[in-house]
Each structure stands twice: as C-alpha cells, then as structure tokens.
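Here is how the chains run, residue by residue.
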Amino acid sequence: MKLGVPKEIHAGENRVATTPEVAEKLIKLGFSVAVEAGAGDKANFSDDAYREAGVEVLPDAESLWSASDIVLKVRAPETHPEMAVDEVDRLREGQCLIGFIWPGQNPELMERMAGKKATVLAMDSVPRISRAQKLDALSSMANIAGYRAVIEAAHHFGRFFTGQITAAGKVPPAKVFVIGAGVAGLAAVGTASGLGAIVRASDTRPEVKDQVKSMGAEFIGVDYEEQGTGVGGYAKIMSEGYQKAQKEMFARQAMDVDIIITTALVPGKPAPKLITTGMVESMKPGSVIVDLASEQGGNCELTVPGEVVIRHGVTLIGYTDLPSRLARQSSQLYATNLLRLMEELSPQKDGTLNVNMDDEVIRGATVIKDGAITWPPPPPKIAAVPAPAIAVAAAPVTAVSKKERFTLPAVVKTGLLLGISALAFYGLGSAAPAAFMAHFTVFVLACFVGYMVIWNVTPALHTPLMSVTNAISSIIAIGALIQVSSPGIVLTILAGLALVLTTVNMFGGFWVTQRMLRMFRK
C-alpha cells in the first residue's frame, strides 16, 4: 500500500506529516511512500532529501491523493485558499486518512467524510493510556507549544527573566504564572525556570503538585476542597464554588506576576474563561499573557485567536500555530507518532493496513470506519480516581460466634507481642555467648539506623542511593585481600577474581551515582 503526504494548505502551517528519516522506517514496514513536491520546504526538508530516502515525489496534490491508499496529514481536510478545491472531495471510497481531525468540534466535516465511505483515524483521539504514549501526538505538540510560549513571552516582555545585580543597577527576576500543569504547562514551567524566572503554577488536579515542585516551581492551590481529575488524565469541569475561589486566586496572582501562560482545556468543550478583563486591567504595564487555548476560544476574555494585541498596557499573544513555529522539530515528533501508529496498524510489517477495532488504541483513534462514524469511542478501561467501595448492608447478627466472643483488643495484642519478643530476646541473651550478643546488638542497631536513613531520603534520590550503596557493599574486597595470600592455588584464584569483580562494582557504583546526581543539578 502507498502512503501519501500532501502539502499542508492551512494558512501559516509549516509542518509536514513525515520526514525523510521517518519515511525510511515506513518503507521498512512494507509501505511505499510518496510526498507532494514542496511538502517539507517550510520545515526545511527538501524534495531531494526525500528522494534520497527512497520516497517518490509527486508534482501536485491531485496526483498524490489519487495515487495514495493512505493519506497522512497534520491538519484536518479543508478548502484550498487559492485553488478553491476541498480536500474532502479528493477522498475516495476505501481510502484511509490520518491526521488531526477534532471530531467533536467538526461534526459537519465528519458527516462529509463519512459520505465518502473512507476510514479516518484522528491523532487527537488517541486514548491516553500507557500503551498509547508512543503515538500521543497531542502531548508531542503540547510539549513544543509550552516551550515556544515562554520564548514568545520573553520576546514581548522586553526584560531579563533571571534576576541580575550589575553596576548599572539591580534587575529583579520575572514572575511567571502558568495556569494548567499538563504537558504544555510543565514544558512552560521547565523553560521559564531554566531562564531564571520565579515560576508559579496552578492546576485542578492535585497529583501534578509534586511534578511542578520537582521542576523548581511553586504550586499555587485553590482554597477549596474538590478533585479536578477527569478520565484519561485530563481535567474536568469544576463546580461553581471552586471556580469562584479559583478566580479569586487568579486575580491575586495577576496583580503580582509579569507573565501569565494559560493552557487550560477540557476535551470536547470550549476553553474556559479564566482571565477576565478586570484581571488584565490589574496587571502591571508591560506584562504579557500567552493564551495556548486561543484556538478553542481562549482562556482570556480579551484574546484574539491568531493575533498579538495590546489591551490596557498588557500584551496578549493568541497564536494558534506555536508548534508550527518550530516546524522541523514538531514535524519530526509528529512523524514519529504516525510511524508508531502505522506499526500498530501493520503488525506483520507487510505494508497492509489492519484497522483492528478490537484493539483499544486503534478503536479509540478510529473516528470513521468504512463510512460509518465510530466516534465517540467507548471510555478507556481505566479510572483516574479509584471507584469508592460500595457499601453493602450487612444482615443483622443474631448470635455472636465463639471466635468473635474471644477476640482480643488491638492494644492487648500489641502488648502480648512485645512481651513475647522481650522474653525471646532474654532467653537468647542468657544462652548465647557474649561475643554473639555483641555482634547481634550491632546488627540490630545497623538495621534500625539503615531503615531510618533510607526512609528519610527524598524519593527522587532513591536510585542514586541504591547505586552508592552497591558501591559501599564492595567492602567485601577486604575479605578478598586477606584471602589472596592464603596457601593454595584455588584460594588465591578465587580471591583474585573476587578482587576484580568488587573493584568493578565499587568504581562502577560511584560512577553511576555521580552521573545520576548530575541529572538533578541545574
């Protein structure tokens, strides 16, 4: 089967659905690959680079769509702005289309594609489960968008992010507030922290608090008890009480910070309005708001999708093409996501397509199958929050069993256990030699001290701790040194081997420890 990659016709779209590097791997899966001439120019992938990878370069979109069994795109089909040709009209029966479709926001487009009796897979509908992470294009693009949002904010801010003390005066660090700590939000937090800003972040999901802190930012919670975790790791719509408390917190932050980056979205819903006109008015002149949800309406009331505007002295950035502004990088990541999907669709690596609707990942991504709309898919077989246990009314007990009648209280059980343990140690101490008791006491104290030391180590450092413990355990090399001069060739050989192995273990353990610790340093 032939994979076709047309040139994206959406205004300002610079990405391409596959790259020469990924195309080689698609060919190894048994597919033949064709691209439209100039499809990768805006992402700095020339036609010659595709030809060197074994890709056929076709002269125009019409020839590519007609020759392809599977069409890989970035954006959903739309009408060409100059030629007035609709890409949906180029779909034919039995053809497969893969790209960002947004079926919830485009019901009319779904009906038109279904009328073509084609099969359509939406990269934005890939279920967010562990097995599907390798083809999670939303996360790949969100990561780039979060990074680029900080770069755009820095460009319009006109000041250092990091604080400096110079001969000309003191420059305070910029204060950045990130709303939403998903993939894009965490990428923004990491980038802003790396540039030296004071970073704060907020999210309705309490489980991201540790992730925010691990990236050097402060987590700002809402003084309201409510869980905001939805299905598949997304946030859910919160109650009116929570939203009121949340906006009060946002209003306080808006008056204090210099830059706000908003990333809040609920799947299938318009972007929630979190930053009001009053909050924008309260911000300091020269402040910046980057609205990553602008394509879905924006989190700020004053955002203009696709444009940069200044309102009340505050710059509002509403770009809808942030991943496209890093076209080469985003194309490579998106192409890799498509490659992983094609591996799932062609498990035999024979170049044939198998849309297995019994596979949870493929079923979730498939929005149209042979002309039949299959969206929305059934919910994933996971629960973001464990379901509460259902209380079952117990039948009234009319008689107390003999076992229950003589059950001892927990305090009495603990006392008996301690008493029996004390008697056992007393008996051991009275019968064992003095040398044994001295070693036994050291052993017990070592266990206690070791337990307390390990228990109080930060979880993030457990792996470095294990490696250095492994190195320290090589103290057994002392025993090998003692035995290496023993009489007998067998003992000498064994002691020599022990020395070699423990030396490798010792130096390797410390080397791995230092390498891991460098990961935690800026």
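In the block above lies the structure referred to throughout.
Overview of the structure. These numbers come from a predicted model, not from an experiment.

### Some words on the overall build of the protein chain
Next, step 1: When you go through the protein chain residue by residue, the secondary structure sums to 18 helices and 17 strands.
Next, step 2: Expressed as a percentage of the 522 residues in the protein chain, the buried residues total 41%.
Next, step 3: Long-range contacts, defined here as pairs at least 24 residues apart, represent 66% of the contacts in the protein chain between residues at least 6 apart.
Next, step 4: If you sum the accessible surface of the protein chain, you get close to 28100 Å²; carbon and sulfur atoms cover 61% of it.

### Some words on the packing of helix H1 (residues 20-28) against helix H11 (residues 327-345)
Next, step 1: The interhelical angle for the contact between H1 and H11, taken along N-to-C directions, is 10°, at an axis separation of 9 Å. What the angle tells us is that H1 and H11 run roughly parallel. The residues of H11 that touch H1, namely those facing Glu21, Val22, Lys25 and Leu26, are Gln332, Ala335, Thr336, Leu339 and Met342.
Next, step 2: Among the residues making up the contact of H1 with H11, the classes are represented as five nonpolar, two polar and two charged.

### Notes on the packing of helix H6 (residues 137-157) against H11
Two measures define how a pair of helices packs: the angle their axes make with one another and the distance between the axes.
Next, step 1: Running from amino to carboxyl end, H6 crosses H11 at an angle of 165°, the nearest separation of the two axes being 9 Å. The angle between the axes of H6 and H11 places the two elements in the roughly antiparallel class. The crossing of H6 and H11 is right-handed. The segment H6 lies against H11, with Ala137, Ser140, Met141 and Ile144 engaging Gln329, Ser330, Leu333, Tyr334 and Asn337.
Next, step 2: Its residues assigned to classes, the contact of H6 with H11 shows five nonpolar, four polar and no charged.

### A word on the sheet that holds strand E9 (residues 175-179)
Next, step 1: Across the sheet, which stays open at both edges, the seven strands sit in the order E11-E10-E9-E12-E13-E15-E14 with mixed pairing between neighbours. In the strand order of this sheet, the two ends are held by strand E11 (218-219) and strand E14 (308-311), each with one partner.
Next, step 2: Inspection of the sheet shows E14 paired to strand E15 (residues 314-317) by four bridges, in the antiparallel sense. When the bridges of E15 are listed, Arg311 appears paired with Val314.
Next, step 3: Sheet strands in contact with H6 are strand E12 (259-262), strand E13 (288-291), E14 and E15, and its direction is about 155° off that of E13.

### Focus on unusual backbone geometry
Next, step 1: A cis amide bond links Trp375 with the next residue in sequence, Pro376, at an omega value of 0°.
Next, step 2: Mapped onto the elements, Pro376 comes out in the loop between strand E17 (372-373) and helix H13 (402-405).
Next, step 3: Residue Trp102 is not a glycine yet carries a positive backbone phi of 55°.
Next, step 4: Following the sequence through the fold, Trp102 ends up in the loop between strand E5 (96-99) and helix H5 (107-115).
Next, step 5: The exposure class assigned to Trp102 is partly exposed, which follows from its relative accessible area of 32%.

### Observations concerning the nonpolar core
Next, step 1: The biggest cluster of nonpolar side chains holds 46 residues, and the ones touching the most others in it are Leu26, Leu72, Ile98, Tyr334 and Met342.
Next, step 2: Looking at this core, the elements that each hand over two or more residues are strand E1 (2-5), H1, strand E2 (32-36), strand E4 (70-72), E5, H6, H11 and helix H12 (360-365).
Next, step 3: Counting residues per element, this core draws most heavily on H11, at eight residues.
Next, step 4: Not counting chain neighbours up to four residues away, the residues in contact with Leu26 comprise Leu3, Thr18, Phe31, Val33, Leu72, Leu339 and Met342.

How each quantity is defined
- Residues numbered from 1 in each chain as written.
- Predicted model: local features only at pLDDT ≥ 70, side-chain atom pairs only at ≥ 80, totals over all residues.
- Heavy atoms only, no water.
- Helix = DSSP H or I, 4+ residues; strand = E, 2+ residues; numbered from the N terminus.
- Buried < 20%, exposed > 50% of the residue type's maximum accessible area, 1.4 Å probe, protein only.
- Contact = heavy atoms within 4.5 Å.
- Areas by Shrake-Rupley, 256 points an atom, 1.4 Å probe, with all protein chains shown as cover.
- Axes fitted to C-alpha atoms, helices over the stretch in contact; angles between N-to-C directions.
- Parallel < 35°, antiparallel > 145°, perpendicular 65-115°, else oblique.
- Nonpolar A, V, L, I, M, F, W, Y, C, P; charged D, E, K, R; others polar.
- Left-handed = near helix turned anticlockwise from the far one by under 90°.
- Pairing = 2+ DSSP bridges.
- Core = buried A, V, L, I, M, F, W, Y, C linked by side-chain atoms within 4.5 Å.

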